[in-house]
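Understanding the architecture of this molecule
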Amino acid sequence: ILIVKQGGQKPLWEISMQWDEFSEWGAKVSQWAADYHSTLRDRPVRAQTKPGDVAALISPSAPEGPHPMTEIMKDFERVVMPGITHWQHPRFFAYFPANAAPPSMLAEMLVSTIAAQCMLWQTSPAATEMETVMLDWLRQAIGLPKHFSGVIQDSASSATLAAVLTMRERALNWSGNQAGLSGAARLRIYCSAEVHTSVDRAIWVAGIGQDNLVRIPISGKLRSMDPQALKVAIQSDIAAGYRPAGIIACTGGTGTGACDDLVEVLKVSREFNLYSHIDAAWAGAGMICPEFRELWTGVDAADSIVFNPHKWLGAQFDCSAHFLADPASLVKTLAIQPEYLKTHGHDGLINYSEWSVPLGRRFRALKLWFLLRSYGLEALRLRLRNHVIWAVDLADRLKGNSQFEIVTEPILSLFTFRLVGADDTAQIDFVNRINDDGRIYITQTKVDGRIAIRFQIGQFDVTEADILFAYDVMCEMAV
Ligand code: PLP
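Since the structure is predicted, the reported quantities are computational estimates derived from the model, not experimental observations.

One open sheet accounts for four strands, arranged E10-E11-E13-E12; its pairing is antiparallel. If you trace the sheet from one side to the other, it starts and ends with strand E10 (404-411) and strand E12 (443-447), each paired once. When the angles between neighbouring strand axes are averaged without regard to direction, this sheet yields 35°. Pairing analysis gives four bridges linking strand E11 (residues 414-419) to strand E13 (residues 450-456), with the strands arranged antiparallel. Opposite Leu414, over in E13, you have Gln456 as the bridge partner. Along the sheet, helix H15 (residues 424-437) contacts E10, E11, E12 and E13; its crossing angle with E13, the most-contacted strand, is approximately 30°. Of the strands in this sheet, E10, E11 and E13 are in contact with helix H16 (residues 464-478), which crosses E10 at around 150°.

The structure is reproduced here in structure tokens:
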């Protein structure tokens, strides 16, 4: 279709943003980013907008003609920024962190510019080869043995889904993808109640069904699933005609940081020839510090492990490192090769889209390269160690204050606490009061059926002064 000049007006493509303006706007956006980071402490951590506030400021339909970039940027400040919860705020103590260290952001800017799809080796050899090497850097950094190979998934949820699908196919002698599940043996998968809900979702999506996710009771300070109870559950399932398929364990569960006893749990998985997946989405980053690796002693025997460098380590979202003892089982489960994806003459090379559910994939390894090179592991270790020390100090401080009680002791840099003598509603009111106030941001969980308040330290720029500040805010808001 020709766009015809009418009445002396410029054609639409000349009015819209041009490449020659891009560097000017790119520079402005970079300056904006630096200013944003330097003013984060002056902003409320959690967005203070009410539902609908932002949508009300956005035009209900797309414009027919172009808007100038100046106006779009002004509207970005006016419409968007008040509705942002600042995950890069140093006083973000909610959920787990989603750090975006500056070198990893720069890498992402380059990746956005190149905008390559990296599904096959051929569709960007540098992305595939960088991914292989970066995953091996990470493997060494977290102390996993050489037999693990890695792939970057878009999320820990995707890695867990890929592992569950592998469990399913392996347990069905690789017939599930072809024949479907109706008429197949009823599969069982085992985990504790401490694992993230991405496990439940994976079970649903894989067609295994929530009823076949067997929760094993926990015991001990680390809230590990009880290996003896696990064994008994598997034996009784076999006796009842079910087919056990796999075990999902956690190192650093979301609620309290629970860590399964991997030596004992993986002994059981070997005894019954079950596929094992370890979710260390948050705590895996901590394993760059050798002294924390006792939390996952025994991990060497796992089949599949996921950790998110996009959480505590500093790589901008999204970046989930998925390690596999036997990638061939995953590829056998997920690979599909229509003619249009064949790369004749390049057989035998890694095509990472065969290791994951989505076909399209971004060039995620570049931010790891930038991050790991520009800090070096020792500087990253120092950060994580400080977070752990400060979490222990803060928990001690709260213990010494009669307004508070510790519910679960720090596991790495996460612990839970409560207001003394207050019911669940009062605990939630306390959390809401703090977050409405905006100086710090915390969230809650349930521990043994009761609300507990989570406190995790992991934001990349947090300082000890921020933790002392948080303590003062919590004392002030408790009364
Ligand atoms: N596993 C654990 C332990 C988590 O804490 C989370 C999210 O916080 C996930 C999995 C899900 O991570 P993702 O958002 O990468 O799917």
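Structure's up, so let's keep going.
Bringing the pairing of strand E6 (residues 243-250) into the picture now. Within a regular beta strand, the side chains point alternately toward one face of the sheet and then the other, so they alternate between its two faces. Within E6, seven of the eight residues are buried, which leaves the element mostly enclosed by the surrounding structure. Relative to E6, strand E2 (residues 187-191) runs parallel, the two being bridged by four bridges. Paired with Leu187 across the strands is Arg243, a residue of E6. Taking the sense of rotation as the criterion, the β-α-β connection linking E6, helix H10 (residues 262-271) and strand E7 (residues 275-279) turns out right-handed.

Our next topic: the site of the ligand. Inspection of the region around the ligand gives 13 residues, with Ala156, Ser157, Thr254, Asp279 and Asn308 positioned closest. In the model, an oxygen atom of the ligand is placed 3.3 Å from a nitrogen or oxygen of the Lys311 side chain. With the chains in place, 85% of the 390 Å² that the ligand exposes on its own is no longer accessible. Every element with two or more residues in the shell around the ligand is listed here: helix H6 (156-171) and helix H11 (309-313). Here the residues of the shell around the ligand are counted per class, giving three nonpolar, eight polar and two charged.

Reading the values: rules and limits
- Residues numbered from 1 in each chain as written.
- Predicted model: local features only at pLDDT ≥ 70, side-chain atom pairs only at ≥ 80, totals over all residues.
- Heavy atoms only, no water.
- Pairing = 2+ DSSP bridges.
- Helix = DSSP H or I, 4+ residues; strand = E, 2+ residues; numbered from the N terminus.
- Axes fitted to C-alpha atoms, helices over the stretch in contact; angles between N-to-C directions.
- Contact = heavy atoms within 4.5 Å.
- Buried < 20%, exposed > 50% of the residue type's maximum accessible area, 1.4 Å probe, protein only.
- Right-handed = clockwise from strand over helix to strand, strands pointing away.
- Near = heavy atom within 4 Å.
- Polar contact = N/O pair within 3.5 Å; in protein donor to acceptor, adjacent residues only side chain to side chain.
- Areas by Shrake-Rupley, 256 points an atom, 1.4 Å probe, with all protein chains shown as cover.
- Nonpolar A, V, L, I, M, F, W, Y, C, P; charged D, E, K, R; others polar.

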